[in-house]
Amino acid sequence: MRGLAAAIQGLRIKRVLVRRGDLRHAMPTSLGATLTGARIHGFRRRAKYLLMRLDNGWSVLWHLGMSGRMVIGPATNQPHEHVVLDFDDGKRLGFIDPRRFGAVDLVRTEDEDRHRLLARLGPEPLSETLNGKLLHEAFAPKRTSVKAALLDQNLIAGLGNIYVCEALYRARIRPTRLCPDVTKREATRLAAAIKETLTDAIKAGGSSLRDYVQTSGELGYFQHHWCVYGKEGEPCPTCPGAPCPGVQRILQGGRSSFFCEVKQK
DNA sequence: ATGTCCACCTGCTGGC
DNA sequence: TGCCAGCAGGTGGACA
């Protein structure tokens, strides 16, 4: 969002090209007509949704799914660029999403938070609302693992598989722990760990896997900071005491969890 | 109401 | 070299 704001805020959309509208949620057919001629007024992020606010009362809701990217730059040959915005100053924005798990939708700016994909989201992890007390109370009635709870966007919004693994590692809590068994003290540690993990990732220029790119096309590089995610079999970087058996991978709800059984209790 | 699991897609990697 | 199984950042919705 920051990359987009720096590049295109204030510009007028001259032309809209929708190559494929059949993402997981079909794009509205009025997308082109609503965007053409409008000026980019500003941006907002909510959970993993990007809201691009126009000067005509509409906001464009974007979600990158698993494989989505937004890139400012000239046309390329790659086959999954589904939406292109051309701006009055000659800049060009491409929305690329090979797996088409992403989303593009329109919503009136004043109704953003009532959009069906946003309406039930939990608090932002970097807000003051998220603290040890809130986590502890939210965990009490849950009958799931702490891993599943942190991935639940209705409990806390915006954490994905990577950051949940990393935050639990920092907080020294095993992903398999049941929510009601997490103590107040641990919940406080976890809240702090979540904030630190996200803050570090943002500071490091984004995140993610081999093909993640910033809007400039540069690779995000938080991957250099991962302690456990994707590191099955490797020694845990901060394990107290001598021989660390190494990072383990288990499946929880069909998704990989990475943890160190020595450090995380 | 709550929790679990699948489906939606394409691309890449590693083992044979 | 080629083929194929397995896995991947997310999440809405079907089902128990």
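The shown structure was predicted, so the numbers you read here are calculated from the model rather than taken from an experiment. (Residues numbered from 1 in each chain as written. Chains lettered and ligands numbered in written order. Predicted model: local features only at pLDDT ≥ 70, side-chain atom pairs only at ≥ 80, totals over all residues. Heavy atoms only, no water.)

Student: How would you sum up the protein's contact with DNA strand B? Please name residues and give values.
Tutor: Inspection of the region around DNA strand B gives R24, H80, P98, R99, R100, F101, K142, R143 and T144 as its neighbouring residues. Here, DNA strand B places atoms within 4 Å of the protein, and 56% of those atoms are sugar or phosphate. R143 places a main-chain nitrogen or oxygen 2.9 Å from a phosphate oxygen of DNA strand B. For the surface near DNA strand B, the class distribution of residues is two nonpolar, two polar and five charged. (Near = heavy atom within 4 Å. Polar contact = N/O pair within 3.5 Å; in protein donor to acceptor, adjacent residues only side chain to side chain. Nonpolar A, V, L, I, M, F, W, Y, C, P; charged D, E, K, R; others polar.)

Student: Could you give me a rundown of the confidence of the model for chain A, with the residues and numbers involved?
Tutor: Low pLDDT means the predicted atomic positions in that stretch should not be read closely. Looking at chain A, pLDDT values average 91 and 91% of them are 70 or higher. With pLDDT under 50 throughout, residues 207-212 is counted as low confidence; its partners more than four residues away or in other chains account for 15 contacts. (pLDDT = per-residue confidence, 0-100. Contact = heavy atoms within 4.5 Å.)

Student: Explain the packing of aromatic side chains to me, using residue names and the numbers behind them.
Tutor: Per the counting criterion, the structure on display carries three aromatic pairs. Plain terms: the ring middles of W62 and F95 are 5.4 Å apart, the flat faces sit at 45° to each other, and that makes the pair tilted. Here F95 lies in strand β7 (residues 92-96) and W62 lies in strand β4 (residues 58-63), a separation of 33 residues in the sequence. Residue classification places W62 among the buried positions, given a relative accessible area of 2%. Between Y229 and F258, the ring centres sit 5.1 Å apart and the planes meet at 65°, which makes this aromatic pair edge-to-face. Of this pair, Y229 sits in the loop between α6 (184-203) and β9 (248-252) while F258 sits in strand β10 (residues 255-259), and the two are 29 residues apart along the sequence. Here F258 falls in the buried class, since its relative accessible area comes to 7%. Aromatic rings pair up to connect W226, Y229 and F258 into one cluster. Of note, R108 hangs over the ring of W58, and the distance from its end group to the ring centre comes to 4.9 Å. A cation sits over an aromatic face here: K263 above Y169, 4.5 Å from the ring centre. (Phe/Tyr/Trp six-rings, centres within 6.5 Å; stacked < 30°, edge-to-face > 60°. Helix = DSSP H or I, 4+ residues; strand = E, 2+ residues; numbered from the N terminus. Buried < 20%, exposed > 50% of the residue type's maximum accessible area, 1.4 Å probe, protein only. Lys NZ or Arg CZ within 6 Å of the ring centre and 35° of its normal.)

Student: Now, about the environment of R185: what can you tell me, with residues and values included?
Tutor: Position of R185 among the secondary structure elements: in helix α6. Sequence separation between R185 and M70 is 115 residues, and the spatial gap between their C-alpha atoms is 40 Å.

Student: Before we move on, could you go through the pairing of β10 and cite the residues and values that matter?
Tutor: Taken residue by residue, a regular strand's side chains alternate between the two faces of the sheet. Within β10, four of the five residues are buried, which leaves the element mostly enclosed by the surrounding structure. Here five bridges tie β9 to β10, and the two strands are oriented antiparallel to one another. By the bridge assignment for β10, R249 is matched with F258. Once β9 ends, the chain turns through two residues before running back antiparallel as β10, passing G253 with a positive phi of about 60°. (Pairing = 2+ DSSP bridges.)

Student: Lay out helix α5 (residues 161-171) with the relevant residues and their values.
Tutor: Extensive coverage of α5 is indicated by the burial of 10 of its 11 residues. Within two residues after α5, R172 carries a phi angle of roughly 60°, on the positive side.

Student: Explain the nonpolar core residue by residue, including any values.
Tutor: Among the nonpolar cores identified, the biggest contains 36 residues, and L135, F139, V146, L150, L190 and I194 are the most heavily contacted of them. Every element with two or more residues in this core is listed here: α3 (132-139), α4 (146-151), α5 and α6. Take this core: its biggest share by element is eight residues, from α5. Excluding residues that lie within four positions of it along the chain, L135 makes contacts with L130, I156, A187, L190, A191 and I194. Formed by 27 residues, the second largest nonpolar core is a distinct cluster that contains W62, M70, L85 and L93. (Core = buried A, V, L, I, M, F, W, Y, C linked by side-chain atoms within 4.5 Å.)

Student: I'd like to hear about the pattern of salt bridges, residue by residue, with values.
Tutor: Following the criterion strictly, the structure yields 19 salt bridges and no others. D22 is the partner of R100 in a salt bridge, and the nearest nitrogen-oxygen pair spans 3.6 Å. Highlighted residues: R100 in the loop between β7 and β8 (103-108) and D22 in the loop between β1 (13-18) and α2 (31-35), separated in sequence by 78 residues. With a closest N to O distance of 3.5 Å, R170 and E196 form a salt bridge. With R170 in helix α5 and E196 in helix α6, this pair connects stretches of sequence that are 26 residues apart. Linked through salt bridges whose partners overlap, the residues forming this network are R44, R53, E112 and D113. (Salt bridge = Lys/Arg side-chain N within 4 Å of Asp/Glu carboxyl O.)

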